[in-house]
Each structure stands twice: as structure tokens, then as C-alpha cells.
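A closer look at the structure
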Amino acid sequence: MPGELQEAWAEYRDASERSRELLESTARFTGDPDLQGPAYAGLLEAQAMAYNFLIAPTRSDTPEVFWQSTWHADLYCLGQPISDFQYGGLFLDGRGRYRVHGGIGDLRLLPLQVHTRVQGAPGSAEIGNYLLDDHTDDRGRFSLTVGAHDDADIRLDPTSADNFLLVRRIVGDWFDDVGTLDVEVLDAPPARSIDAATTAAAIRAAAGFLEYLVRVFTVGLHDLYIARADGRTNAWAVMPGQEVATSLVGSPSTTYVPAVFQIAEDEAVLVEWEPPKSAYWSFQVGDVWSRSLDFTHRQTDLNMVRAAVDPDGRVRVVLCLTDPGYANWLDPCGHRTGTLVVRNYRAPDDTVVPTMRVVRLADLPAQLPAGAARRTDEERRRDLAHRRAGIRAFFGGDHVRS
């Protein structure tokens, strides 16, 4: 008779097959052969993330913040993480007591969300959202207690041995100081055996997380954006973060304004916005499977630091297949269809939705003000060299400024 490990593995294998079948059933997959390869790449990426989130942390009883194995750079990028964020994942047993401490550095924001369990697990829910930057002293340091006890600064679910805490380090420039963040055990929970039963439970959780990633991110985000935009492409949806904090791991501290774009080779999407006075805002382009594009080598995102503001105080962003020579070009890396996402963190007022329209490339100069910032080929090369050096520094590579 098969043992519990074999049964868990069979469940994981079945989850992988159901996920593949779901991908292949979509109109995106059946209708465009160019999208099929990225779909399978996304499936394998979801499997890698299932290991990183659910299996790797079981190797030790000592909690650690995993900075390079949740959403990381443009390596693990389902859900379209952006180049300005470092994501950290931490699992804590609700029967223990802990302390999270560190320094804020130059971060624009340091949100921390608490979920009862990782997404895809039964009973998973977002139960807390904390801005650690609101808890710093005059030296930019913070120290907060974590647990299920009444006086904890950050509350856990006492019935869960696997509370999932998600941290976002958010910068304006990739060379900014990201500060420090450490976790200390104050009262240890009961020790967890690393045995067959524990491993089998982790494999089952990985199966659930895999199906969640494919169903909700790889397949679901594209359809959700269109549904929230009244069934239209090239039209915005509006998604307050608190509405999707549990279902999509969205941050309650932001408003998301996404769209599915479709353009021809001789067309561009022109976006206009009066930038808000918020802690952080950005534009980012991704593919139809909710994956970030190559933001290390291509300008696939802009934020409040890198975007040029026109003389009238508005930001105008151009999304098209070839470089039009304007500073605020978003490069879709050859994709004629994909997703465009606006993030607006901690705005003092309601997010004003940008305007969006599709124009002919030939008509673009007439659609933009005379003072719209431009880029020569040499200036674009310098921008991209800075981007490569900054992202390598930000995500743990070499720290040499270009």
C-alpha cells in the first residue's frame, strides 16, 4: 500500500496536471501559439515557487525571512512584482512569541502583511497589515513584538503553526539603503519534527499553492482585469488593495489600477496622469500570464523618481513595440498584448484613474506636448546601463554604480 509520502506526491502530481489542463483550456493558449511557450514557463515557475514557499522553510525550526525565494527580481515573477520591491516571506507558529526589529534605511514604505496560512491553503486569510515605517524612532529603528498574545504589536493566528508574513521593501531608486530586518524568537513554540508526516503535509500544501498560483495569477489576473474593466481591453480597472489582500496577496496600503492592453505594430497606448502626492507610484507592463517582463535589461516600468513630468505637471507614458524616442516609453518586449499595472501606495486622497487611449505611432508627436521629455539613443543606453547596475545591486549582485 502506498505510504503518506507517496499519497502526497500523487496529490501534487495531480495538481500539476490540473494546472496544465487549466492553462491549455484558455482562449489565450488556444488562440495564439506565441503565448503557449510563456504559459508553460509560467507553470514551471509556479512549481518552483511552490517548493520555495512550502518545502524549503521546513528544513529548519528557526524562522528566517526569505528574501530571495518568494517573489524575487524577474526570476520569480508571477503576479507581476515590480523592480522597486524586495519581497520577504516569513512563516511563524502562532504558539510562539517573536520580535521583529531593524532599520528603515531609505525605504519609501515597509509594509508587513499577516496571513493565517499561505494562499491556497484551507482557511487562508489576511488578518493584519502593518506599516513598519510608522513605528520607527528618531534613528529610523523599529522593534515590534509578534505573537497571538493580547499585547503583541503584530498579531498572529494562535491556531496556525504556519502564519505567513509578507514584507515589501519599497524604494524609489535601486541604490537606496534598504535597511535591515531581523526576527528573534522570544518564546519558542513546540518543536516540529522533520519526518515523513511533516514532509507529506508540506507537499500537500505545495500542491494547493501551485494550483492557487496558476488559477489566480497565471490564468485569473488577466480575466479579472478585463472583467473589472467592463469586459474591455485598453481600459482601466480599479482594485483597492484591501479588496484583494486575501485573494491576491494585494497590499491594503495601495490602490491597483490594471488594464489588459492590445496594440498593433503601428499603434501605441498613450497614458496621461496627474501624479499623486503619495509615498510611491509606478507604471509596469507585464505579459498575459501575469509575469513581469525583463526589467533588468528593458524599461518595463517607471516610478515617481524615474518618470519625466511634462511642463504642465502631467506624466505621459507611451507603450509601444519600438522606441519612440520619448523618455516615458514602456517597452513591452515584443508583446502585442499584455498587462499594464499602476500602483499608488499611501495616497492622501482617492486615486484618480489615468486616461488611456490607443493612437497611431505616426500621430504620437501631435498627441504629446512640445516639451515632452525625449531620449536620444545614447541617453537610452545610459538609462539602461543605470538600470542594470541598480537592479543588480538591489537584488544582491554587484554594487558598482554605472
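The paragraphs below set out a description of the structure included in this document. (Residues numbered from 1 in each chain as written. Predicted model: local features only at pLDDT ≥ 70, side-chain atom pairs only at ≥ 80, totals over all residues. Heavy atoms only, no water.)

1. What to know about the packing of helix 1 (residues 4–24) against helix 3 (residues 36–55)
Direction vectors running N to C along helix 1 and helix 3 enclose 155°, while the axes themselves pass 10 Å from each other. In terms of orientation, helix 1 lies roughly antiparallel with respect to helix 3. Between helix 1 and helix 3 lies a crossing whose hand is right-handed. Contact residues: helix 1 offers Tyr12, Ser16, Ser19, Arg20, Leu23 and Glu24, while helix 3 offers Ala39, Tyr40, Leu43 and Gln47. When the residues that make up the contact of helix 1 with helix 3 are grouped by side-chain class, the tally is five nonpolar, three polar and two charged. (Axes fitted to C-alpha atoms, helices over the stretch in contact; angles between N-to-C directions. Helix = DSSP H or I, 4+ residues; strand = E, 2+ residues; numbered from the N terminus. Parallel < 35°, antiparallel > 145°, perpendicular 65-115°, else oblique. Left-handed = near helix turned anticlockwise from the far one by under 90°. Contact = heavy atoms within 4.5 Å. Nonpolar A, V, L, I, M, F, W, Y, C, P; charged D, E, K, R; others polar.)

2. Some details on empty space enclosed by the protein
According to the stated counting rule, one finds three cavities of 30 Å³ or more in the structure shown. The calculated volume of the largest cavity comes to roughly 300 Å³. Taken together, 22 residues make up the lining of the largest cavity; nearest its centre are Gly79, Leu248, Gly250, Tyr256 and Arg343. For the lining of the largest cavity, the secondary structure elements donating two or more residues are strand 1 (85–92), strand 7 (163–170), helix 4 (196–228), strand 10 (254–262) and strand 16 (337–345). The space that makes up the second largest cavity amounts to roughly 70 Å³. Of the residues contributing to the lining of the second largest cavity, the split by class is seven nonpolar, one polar and two charged. (1 Å grid on protein atoms, 1.4 Å probe; cavity = no way out; pocket = protein on both sides within 12 Å on 5 of 7 lines; lining within 4 Å. Points joined across faces, edges and corners; volume = space filled by probe spheres on them.)

3. A word on the pairing of strand 10
Every regular strand shows the same layout, with side chains that alternate between the two sheet faces. Across the nine residues of strand 10, eight count as buried, placing the element largely inside the fold. Inspection of the sheet shows strand 9 (residues 239–240) paired to strand 10 by two bridges, in the antiparallel sense. From the neighbouring strand, methionine 239 faces strand 10, where its bridge partner is tyrosine 256. (Buried < 20%, exposed > 50% of the residue type's maximum accessible area, 1.4 Å probe, protein only. Pairing = 2+ DSSP bridges.)

4. Observations concerning helix 3
Here helix 3 spans 28 Å end to end across 20 residues, near enough to the 28 Å set by a 1.5 Å rise per residue. Buried residues of helix 3: Ala39, Gly42, Leu43, Glu45, Ala46, Met49, Ala50, Asn52, Phe53 and Leu54, and no others. Structurally, helix 3 contributes buried residues whose contacts are with helix 1, helix 2 (27–31), strand 1, strand 7 and helix 4. (Expected span 1.5 Å × (residues − 1).)

5. Some remarks on the pattern of salt bridges
Tallied over the entire structure, the rule returns 31 salt bridges. With its nearest N and O atoms 2.8 Å apart, the salt bridge here joins aspartate 93 to arginine 95. Classification of aspartate 93 as buried rests on a relative accessible area of 7%. Close ionic contact of aspartate 312 with arginine 316 constitutes a salt bridge, the shortest N to O distance being 2.7 Å. We classify aspartate 312 as partly exposed; its relative accessible area is 44%. Three or more residues are tied together by salt bridges with common partners; here these are Glu272, Asp310, Asp312, Arg314, Arg316 and Arg357. (Salt bridge = Lys/Arg side-chain N within 4 Å of Asp/Glu carboxyl O.)

6. Quick look at the environment of histidine 222
With respect to the helices and strands, the residue histidine 222 is situated in helix 4. Sequence-wise, histidine 222 and aspartate 74 are 148 residues apart; in three dimensions their C-alpha atoms are separated by 19 Å. Those residues in contact with histidine 222 that lie beyond four places of it in its chain are Arg28, Val260 and Val288. Reaching out from histidine 222, the side chain makes a polar contact with the side chain of aspartate 223 at a distance of 3.1 Å. (Polar contact = N/O pair within 3.5 Å; in protein donor to acceptor, adjacent residues only side chain to side chain.)

7. Notes on the sheet that holds strand 13 (residues 301–303)
In any sheet, the strands associate via hydrogen bonds between backbone groups, in a parallel or an antiparallel arrangement. The sheet built from five strands is open, its strands ordered 9-10-16-12-13 with antiparallel pairing. Each having just a single partner strand, strand 9 and strand 13 make up the two edges of the open sheet. Here strand 10 runs beside strand 16; their pairing, made up of nine bridges, is antiparallel. Bridge pairing links alanine 259 to leucine 340 in strand 16. In the packing of helix 4 onto the sheet, contacts are made with strand 9, strand 10 and strand 16, and the angle to strand 10 comes to roughly 95°.

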